[in-house]
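A structural walkthrough
If you want the building blocks of each chain, they are given just below.
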Amino acid sequence: MKQKCLNIFFVALCVALMCGCSKRRGEVEFTIFTTSDIHGKIYPVDYVTGNDRGGSMMAAATLLEELRATNENVLYFDTGDVIMGGGESYYDLTVDIANQSLMAMMLDEMECDAFVPGNHEFDFGMPTIDRFIRSGKFPVLCANMTFQGLDIANSFYQPYTVVVKNKVRIAVLGLTTMSINYKIPTQFMEGMEVVSAVESAKYWIPYIQKNEKPDVIVCLVHSGYNGGYNDDRISENEALALAEQVPGIDMIFYGHDHRMNNRKVVSCTGDSVLLLNPANNARMAGVTKLTLQFDKRKVVSKSVSAELVQLRDKEPNQELMDKTAGKRELFMGYLDSVMGVTAVDLQYSRRAYEPSTGMDYVHNILQEIVSAEITMVLPVSGKAVKAGNFTPRDAMLLYPHENTLISMMLTGGEIKAALEEGAKNIRRNPTKVVTAGGLNYTIDMSKPEGERVLISSLADGQKFDVEKMYRVTMDSYLAYALDSPFITSFNNNRDLLKERVMLSKNSDVRFNMMINHAIKYDKGKQVEPVRNGEWSLVNYN
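Now for a look at the structure at hand. (Residues numbered from 1 in each chain as written. Predicted model: local features only at pLDDT ≥ 70, side-chain atom pairs only at ≥ 80, totals over all residues. Heavy atoms only, no water.)

**Examining the overall build of the protein**
What counts is decided by this rule: Under the DSSP-based scheme used, a helix requires at least four consecutive residues in state H or I and a strand at least two consecutive residues in state E, with every element numbered from the N terminus. Computation of the radius of gyration draws on C-alpha atoms, with the globule rule given as 2.2 Å multiplied by the number of residues to the power 0.38. The rule is simple: take the accessible area with a 1.4 Å probe, protein chains only, and divide by the maximum for that residue type; under 20% is buried, over 50% is exposed, in between is partly exposed. Here, two residues are considered to be in contact whenever any of their heavy atoms come within 4.5 Å of each other. In this count, Lys and Arg are taken as positive residues and Asp and Glu as negative ones, while His and the chain termini are left out. Note that the charge is assigned to NZ on lysines, CZ on arginines, CG on aspartates and CD on glutamates.
Within the protein one finds 19 helices and 23 strands. On C-alpha atoms alone, the protein measures out to a radius of gyration of 27 Å, which is about the 24 Å that the 2.2 N^0.38 rule sets for 541 residues. Considering only C-alpha atoms, the protein reaches an extent of 110 × 50 × 40 Å along its principal axes. A burial count over the protein gives 57% of its 541 residues as buried. Long-range pairs, those at least 24 residues apart, make up 73% of the contacts in the protein with a sequence separation of at least 6. For the protein, the centre of its 57 positive side-chain charges and the centre of its 66 negative side-chain charges are spaced 5 Å apart.

Structural data, given as structure tokens:
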């Protein structure tokens, strides 16, 4: 009798073990949810303007919750540029800094399985992204960010993670865009640089295959599909090259170029690789179905299909709306707090590059904060602000960008070259016309390109000397953007440009507008823009 019981127990144990292994012996399905370039759009309404956003992180959370209710194996990945862009994220980054990062809180609540940082995570310097990372529990992956001079095996962040569900091993490699090397001030990066995503993956994919024995390999990439800015030192968008040139990758979830994409390409070994990008501002999300067929412990087939899902009609996740209610109420109160008083209407001309009280004030901020002799900015696509109490809401409407302040030494000839390069855009692209404060000058459109700018003097009447060095302040977009006319006028010589930089502030223009108002208000004064120099456009038909 005892032997019979042992036999029955042995048979039952074998059956149990066989059942436990059945998920690895048959078909296993996964649903992979992806977001990218959310840019701080947490709530469905833009509380600064009152406009509906047509999508939000809250809506993404609702869709993710629905997927988890009907699917056993769900993963969630985000491919970067998450913390900069919305008014709520701006408040979180500049005011509510003693508390948990709002974006990290959201990713934690949504149980994010992995995140790769984008270029905008570094806009305000390393302390900002450090706070974001410390606030969250999700893995932050970036294999191709390393300290200058070290090889690709020495990544600053965790290069990859392995997610195990139902005994299936899914390796996730994180990669970001090399444009960080150009877009972010050197002082903000603290000695780090980004190497090629393709070259990094050529090292890490074989390493992962050998050491982790994954069933599936996924790349999370903050780098666009193809094209963008390329020179002999960086390639901005490497997602397609990654799929075509690096064997072993099954899926690439990517962002950065803000372009929806859902396609498969053939790798160098003839395998099919999914490339999926839900674009920006949480208007879309990616939903990928992965089906694996196992024979014992070996994957014998993989099936991948994906779709991009609209988030416009998804209701915000009520549980998360409730959990963030306290932060939201503080933010909304902050928007209308009085920082100071503006003496006149701040507005822009119909042609945004022409002189106006709005442009005057932007130039004033650049000049006052870092004691610049000359200031240079591109036209601002902001909204007018009425005279009277000046609030954070007004600052965000007047200057709807998160550009920081950069001060550098330039020769008079280099300043003129930048204005000439900007003058080329008056007809073809007015948003790229460089304007200057601290100078008296004319742009004569009857002259040939390169000879249109006549600088008569400095604003105070002193002689302008093309050989002399001047302290110039500009915003970070003009100083570093890949398509900046200033960079073009500088012959893309970024090494020389780095040598000229004297100061990089990690506070942006509108933050300094608020501080400027508060200082004057404390002294019983109102803010009234001063035109620092005169310029005119002639012979423009």
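**Quick word on helix H3 (residues 87-94)**
Given 3.6 residues to a turn, an α-helix orients residues that are three or four positions apart in the same direction. Of all the eight residues making up H3, eight are buried; the element is thus mostly covered by neighbouring parts of the structure. Restricting attention to buried positions, one finds in H3 the residues Gly 87, Glu 88, Ser 89, Tyr 90, Tyr 91, Asp 92, Leu 93 and Thr 94.

**Section: the nonpolar core**
Using the following cut-off: Residues grouped as a nonpolar core are buried Ala, Val, Leu, Ile, Met, Phe, Trp, Tyr and Cys residues, joined through side-chain atoms within 4.5 Å.
Ranked by internal contacts, the top residues of the largest apolar core, which has 83 residues, are Phe 33, Met 110, Phe 122, Phe 132, Met 145 and Met 513. Among the elements that make up this core, the one with the highest residue count is helix H2 (residues 57-70) (eight residues). In contact with Met 110, other than residues within four places in its own chain, are Met 57, Ala 60, Ala 61, Leu 64, Arg 68, Tyr 76 and Leu 320.

**Let's talk about the pattern of salt bridges**
The following threshold applies: For salt bridges, the criterion is a side-chain nitrogen of Lys or Arg within 4 Å of an Asp or Glu carboxyl oxygen.
Using the criterion set out here, one finds 23 salt bridges in the structure. Residue Lys 314 is joined to Glu 66 by a salt bridge in which the shortest nitrogen-to-oxygen separation is 2.6 Å. Here the residue Lys 314 occupies a position in the loop between strand E13 (298-310) and helix H10 (318-323), and Glu 66 occupies one in helix H2, the gap between them amounting to 248 residues. Since its relative accessible area comes to 25%, Lys 314 is described here as partly exposed. In this structure, Glu 354 engages Arg 351 in a salt bridge whose closest nitrogen and oxygen atoms are separated by 3.4 Å. In this structure Arg 351 comes out as partly exposed when scored by relative accessible area, which is 30%. Among the charged side chains, a salt-bridge network with shared partners connects Glu 109, Glu 319 and Lys 323.

**Some details on the environment of Thr 161**
Considering the arrangement of structural elements, one finds Thr 161 in strand E5 (residues 160-165). Judged by relative accessible area, which is 14%, Thr 161 ranks as buried. Sequence separation between Thr 161 and Lys 498 is 337 residues, and the spatial gap between their C-alpha atoms is 35 Å. In this structure, Thr 161 is in contact with Asp 113, Ala 114, Leu 141, Ile 170, Ala 171 and Val 172, ignoring residues within four places of it in sequence.

**A closer look at helix H12 (residues 357-370)**
What counts, and what does not: The span one expects for a helix is its residue count, reduced by one, times 1.5 Å.
Taking 1.5 Å as the rise per residue, H12 with 14 residues should run 20 Å; its terminal C-alpha atoms sit 20 Å apart, in good agreement. Turning to H12, its buried residues number three or more, namely Gly 358, Met 359, Asp 360, Tyr 361, Val 362, His 363, Asn 364, Ile 365, Leu 366 and Val 370. Phi turns positive, to about 50 degrees, at Ser 371, one or two residues after H12.

**Overview of the side chain of Thr 79**
Its place among the elements puts Thr 79 in the loop between strand E2 (74-78) and H3. What Thr 79 contacts, discounting residues up to four positions off in sequence, is Thr 35, Ser 36, Val 116, Leu 220, Val 221, His 222, Phe 253, Tyr 254 and Gly 255.

**Some remarks on the sheet that holds strand E23 (residues 535-538)**
Quick note on the threshold: Criterion used throughout: strands pair if DSSP finds at least two bridges between them. Only the stretch in contact is used when fitting a helix axis, every axis being a line fitted to C-alpha atoms; angles between N-to-C directions are given from 0 to 180 degrees.
Taken in spatial order, the three strands of this open sheet run E20-E19-E23, and their pairing is mixed. In this open sheet, the two edge strands, each paired with only one partner strand, are strand E20 (453-458) and E23. Direction aside, neighbouring strands of the sheet carry axes that sit 10 degrees apart on average. Sheet analysis places strand E19 (residues 439-444) next to E20, joined by five bridges and oriented antiparallel. Bridge pairing links Asn 440 to Ser 457 in E20. Across the sheet, helix H14 (residues 412-423) touches E19 and E20, and the angle it forms with E20 is around 140 degrees.

No statement about biological role is implied by the geometric values presented.
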